[in-house]
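Overview (structure and organization)
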Amino acid sequence: MKSQSRILSLLHFLSIIFFLDSSSIVHSDLALDRTALLALRATAGGPFLLRWNISDETPCNWTGVTCQSNRVVELRLPGMSFSGKLPIALGNITELRTLSLRFNAFSGPIPAEIGNLASLRNLYLQGNLFSGGIPEFLFNLQNLVRLNLGNNNFIGVISPNFNKLKRLATLCLDRNQLNGSIPDLNLGFLHQFNVSFNKLTGSIPKTLSSNPVNSFEGNSLCGKPLLLCNSSSIGDNHKLSSGAIIGIMISCFIGCLCQKKRIKQGGVKVKDASEISMADVDSAAATAGSFRGTGRNRLRMARNSVLDLNLEDLLSASAELISKGGFGTTYKAFLEEGMTIVVKRMRDFDLSEKEFEEMVEGIEKINHENLLPLRASFYSKDEKLLVHDYMPMGSLSALLHGNRGPNRTPLNWDTRISIALGAARAIAHLHSQSPSTSHGSIKSSNVLLTSTFEARVSDYGLAQFARPNPTFNRVVDGYLAPEVTCTPEVSQKADVYSYGVLFLELLTEKDPDETYLKDEGLDLPRWMLSAVNDEWTSEVFDVENLRYGNVEEVMLQLLELTFTWADKNPDNRPSMAEVITQIEMLCCSDGSRIH
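Residues numbered from 1 in each chain as written. Predicted model: local features only at pLDDT ≥ 70, side-chain atom pairs only at ≥ 80, totals over all residues. Heavy atoms only, no water.

This brings us to the overall build of the protein chain. Looking only at helices and strands, one finds 13 helices and 23 strands in the protein chain. Each of the 595 residues in the protein chain was classed as buried or not, and the buried ones make up 49%. Across the protein chain, contacts joining residues at least 24 apart in sequence account for 55% of those joining residues at least 6 apart. Carbon and sulfur atoms make up 51% of the accessible area of the protein chain, which totals about 27,200 Å². (Helix = DSSP H or I, 4+ residues; strand = E, 2+ residues; numbered from the N terminus. Buried < 20%, exposed > 50% of the residue type's maximum accessible area, 1.4 Å probe, protein only. Contact = heavy atoms within 4.5 Å. Areas by Shrake-Rupley, 256 points an atom, 1.4 Å probe, with all protein chains shown as cover.)

Listed below in structure tokens is the structure:
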């Protein structure tokens, strides 16, 4: 019995030793995690991390840090204005599953020690200043599901070693400086892919051809879903020849005309615009049905138009693709006499000639200095075109998100308020036409800017004529009011919501439609509301705003107002006229008026 008792005592003692050893191991691992986070705090700077209570032995209570089983498994610190290089100590957080440092200003290469994070599933590093090639050690992270390296300064080629990441569902490499061709990626779970706005060339692999067009734009690529590789329309930056404008911008009936002129295999190519007689064009247009006009002029000139333009001028122009949206495709056209115009091709609008005329006449009647004026229009059964002035500074979206490099021209605070007020006045003027008149697509890409940064709101007067179409969304999801579905039912209160989102975009410089907002199922207003609740509001403001005087207090007051503009309940939202008054009272309290 004594022998048995001694054995039991020994086992009990050993179990206690084992428990103490294992506890110290767990504690030691969490201590390593804590040390790594403190290294990040020391390196990244910014007031947010200073709020971490470093006297706390566990980092699990720190904002942005999530723990499980006494280990750090998530680190989410988006949009904190951090800078510098990532500390190599992050590689010691070996149980990390999600690392989100998106939309900061980290620079240099990604440290190789990140390759130690074998449990990593989600890596969000978009919107920083990382440089160098895409590191090879990433291909050893076999558990990666989502990888976003977009909007950085990465160079080099896209490695075929991405095929090693068998679980990868998201791969975003957009807005970098990557070159070469796209490798054949055969990843069964990949459903989100984006390499837009790089320097890529060649054909798109068949395994990736089911992705949308915007996954590949801004490169010199060909093949489905873009134009076929044997098309003469392929060129840098989507520049189109004068012949290509016929098939892509002007009309299907011209395409049919060219088809008749094509000789069978082995024959000559389709004639370009300069070789097609305008008599043939007139004949084709008359057959298809067009606006009333005499002689060669099949364009309807708007009442306030200062252009002396006809269809032949368009046919002899070259063009460049600007954007694709819910209301059509927009091109910049270069006329022979040196003038530049913008042409919107509305192929998704199934309108009769009478309906199109009604739409055009309605647009012409709405005159306001902050609305983009209509200059001309064209109708046929298969084509509907709207011609506008070209705005040299592009869109507000392009200025906010297009260039994060050292040569960026920041928008100062007064200019942002001036643009916001101009857009608000344009929308309020639309709403004043009748209780049922609304815009339906308020977003920063529809706020265009003159050479002096005056706002010109585009795409007005179109929403009520859009047919329900499952193949495209009229409004970018990030701007869409909760009560609005994919049907064309829009309202003035929905416009106010979209404007509230746009104003948040001006305050934070965060794109409402970026996937980082959807990673956690939050739109921009809800994301900002969570920032307020976590008491780190000022850290998410665009730092460029804070450079221009003492404006933080005004920004905080405006932020509070935007939550009422973008309230989930339409009845709680003010009118656009009230929104203008609120902005002017805060920003023009000294009696001055911002134009």
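Now that the structure has been shown, we can carry on.
We now examine the packing of aromatic side chains. Enumeration over the complete set of coordinates arrives at 10 aromatic pairs. Arranged with centres 6.5 Å apart and planes meeting at 15°, the rings of Phe-130 and Phe-154 form a pair that is stacked. Pair noted here: Phe-130 is in strand β7 (residues 129–133) and Phe-154 is in strand β9 (residues 153–156), with a separation of 24 residues, a long-range link. The interplanar angle of 45° and the centroid separation of 5.9 Å between the aromatic rings of Tyr-499 and Trp-565 together place this pair among those described as tilted. Of this pair, Tyr-499 sits in helix α9 (residues 492–508) while Trp-565 is found in helix α12 (residues 552–565), placing the two residues 66 residues apart along the sequence. (Phe/Tyr/Trp six-rings, centres within 6.5 Å; stacked < 30°, edge-to-face > 60°.)

So, on to α9. The periodicity of an α-helix, 3.6 residues per turn, causes residues three or four places apart in sequence to face the same way. Look at α9: 25 Å from first C-alpha to last across 17 residues, which is about the 24 Å you get at 1.5 Å a residue. At the C-terminal side of α9, Glu-509 shows a positive phi close to 60°. (Expected span 1.5 Å × (residues − 1).)

This brings us to the packing of helix α8 (residues 413–431) against helix α13 (residues 576–587). Describing two packed helices takes the angle between their axes plus the distance from one axis to the other. Relative to each other, α8 and α13 sit at 155°, their axes nearing to 9 Å. On the basis of the axis angle, α8 is roughly antiparallel to α13. Note that α8 runs across α13; the crossing there is left-handed. Contact residues: α8 offers Ile-417, Leu-421, Ala-424, Arg-425, Ile-427, Ala-428 and His-431, while α13 offers Met-576, Ala-577, Ile-580, Ile-583, Glu-584 and Cys-587. The class makeup of the residues in the contact of α8 with α13 is 10 nonpolar, 1 polar and 2 charged. (Axes fitted to C-alpha atoms, helices over the stretch in contact; angles between N-to-C directions. Parallel < 35°, antiparallel > 145°, perpendicular 65-115°, else oblique. Left-handed = near helix turned anticlockwise from the far one by under 90°. Nonpolar A, V, L, I, M, F, W, Y, C, P; charged D, E, K, R; others polar.)

What follows deals with the packing of α9 against α13. Interaxial distance between α9 and α13 falls to 10 Å at its minimum, and their mutual angle equals 30°. Between α9 and α13, the angle falls in the class roughly parallel. α13 is crossed by α9, and the crossing has right-handed handedness. On α13, the residues touching Val-496, Tyr-499 and Phe-503 of α9 are Met-576, Val-579 and Ile-583. Here the contact of α9 with α13 is built from residues that sort into 6 nonpolar, no polar and no charged.

A separate point is the sheet that holds strand β8 (residues 146–148). Judged by pairing direction, the sheet is mixed, and its 7 strands sit side by side in the order β1-β2-β4-β6-β8-β10-β12 without closing on themselves. If you trace the sheet from one side to the other, it starts and ends with β1 (65–68) and β12 (192–194), each paired once. For this sheet, the mean inter-axis angle between neighbouring strands, taken without regard to orientation, is 15°. Pairing analysis gives 3 bridges linking strand β4 (residues 98–100) to strand β6 (residues 122–124), with the strands arranged parallel. Bridge pairing links Ser-100 to Tyr-124 in β6. (Pairing = 2+ DSSP bridges.)

Turning next to the confidence of the model for the protein chain. Here the protein chain shows a mean pLDDT of 76. Residues at 70 or above account for 69%. The low-confidence segment residues 468–476 (pLDDT under 50) makes 23 contacts with residues lying over four places distant or belonging to another chain. (pLDDT = per-residue confidence, 0-100.)

A few words on the sheet that holds strand β14 (residues 220–222). If you trace the 7 strands from one edge of the open sheet to the other, you get β3-β5-β7-β9-β11-β13-β14, paired in parallel fashion. The two strands at the open ends of the sheet, each matched to only one other strand, are β3 (83–84) and β14. With 2 bridges joining them, β3 and strand β5 (residues 105–108) adopt parallel strand pairing. In the sheet register, Gly-84 faces β5, and the bridge partner there is Phe-106.

Okay, the environment of Ala-39 next. As for its placement among the helices and strands, Ala-39 is situated in helix α1 (residues 2–44). Residues Ala-39 and Pro-87 lie 48 residues apart in sequence; the distance between their C-alpha atoms is 6.4 Å. Those residues in contact with Ala-39 that lie beyond four places of it in its chain are Pro-87 and Ala-89.

Using the criterion set out here, one finds 2 disulfides in the structure. One disulfide in the model links Cys-60 with Cys-67; its S-S distance is 2.1 Å. Here Cys-60 and Cys-67 share a disulfide; its torsion about the S-S bond, -90°, makes the bridge left-handed. The disulfide partner of Cys-222 is Cys-229, and the S-S distance across this bridge is 2.1 Å. Between Cys-222 and Cys-229 the sulfur-sulfur dihedral comes to about 95°; the bridge is accordingly right-handed. Accessibility expressed as a relative area gives 10% for Cys-222, which makes it buried. Within the protein chain, bonded cysteines paired by disulfides and numbered along the sequence follow the pattern 1-2, 3-4. (Disulfide = S-S within 2.5 Å.)

Among the 6 residues of strand β19 (residues 340–345), 5 are classified as buried, and the element is accordingly described as predominantly covered. Summarising the sheet, strand β18 (residues 328–334) and β19 pair through 6 bridges and their orientation is antiparallel. Counterpart to Thr-329 in the pairing with β19 is Arg-345. For β19 and strand β21 (residues 384–389), the ladder comprises 5 bridges, and the chain directions are antiparallel. Bridged to Val-343 within β21 is Val-387.

Close approach of charged atoms lets side chains of opposite charge pair. As enumerated under the stated definition, the model contains 11 salt bridges in all. Here Glu-509 ties to Arg-416 by a salt bridge, and the two come within 3.8 Å at their closest N and O atoms. Note that Glu-509 is positioned in the loop between α9 and α10 (515–518) and Arg-416 in helix α8, a separation of 93 residues in sequence. The exposure class assigned to Glu-509 is buried, which follows from its relative accessible area of 10%. Given the relative accessible area of 1%, Arg-416 is considered buried. Each of Asp-29, Asp-33 and Arg-71 takes part in one network of salt bridges that share partners. (Salt bridge = Lys/Arg side-chain N within 4 Å of Asp/Glu carboxyl O.)

Core analysis: the biggest nonpolar cluster contains 66 residues, and Tyr-499, Phe-503 and Ile-583 have the highest contact counts within it. The element contributing the most residues to this core is α8, with 11 residues. Not counting the four nearest positions on each side in its chain, Phe-503 is found in contact with Ile-417, Ala-420, Leu-558, Thr-562, Trp-565 and Ile-583. Counting residues in each nonpolar core, the second largest holds 57 residues, with Leu-120, Leu-123, Leu-138 and Leu-178 among its members. (Core = buried A, V, L, I, M, F, W, Y, C linked by side-chain atoms within 4.5 Å.)

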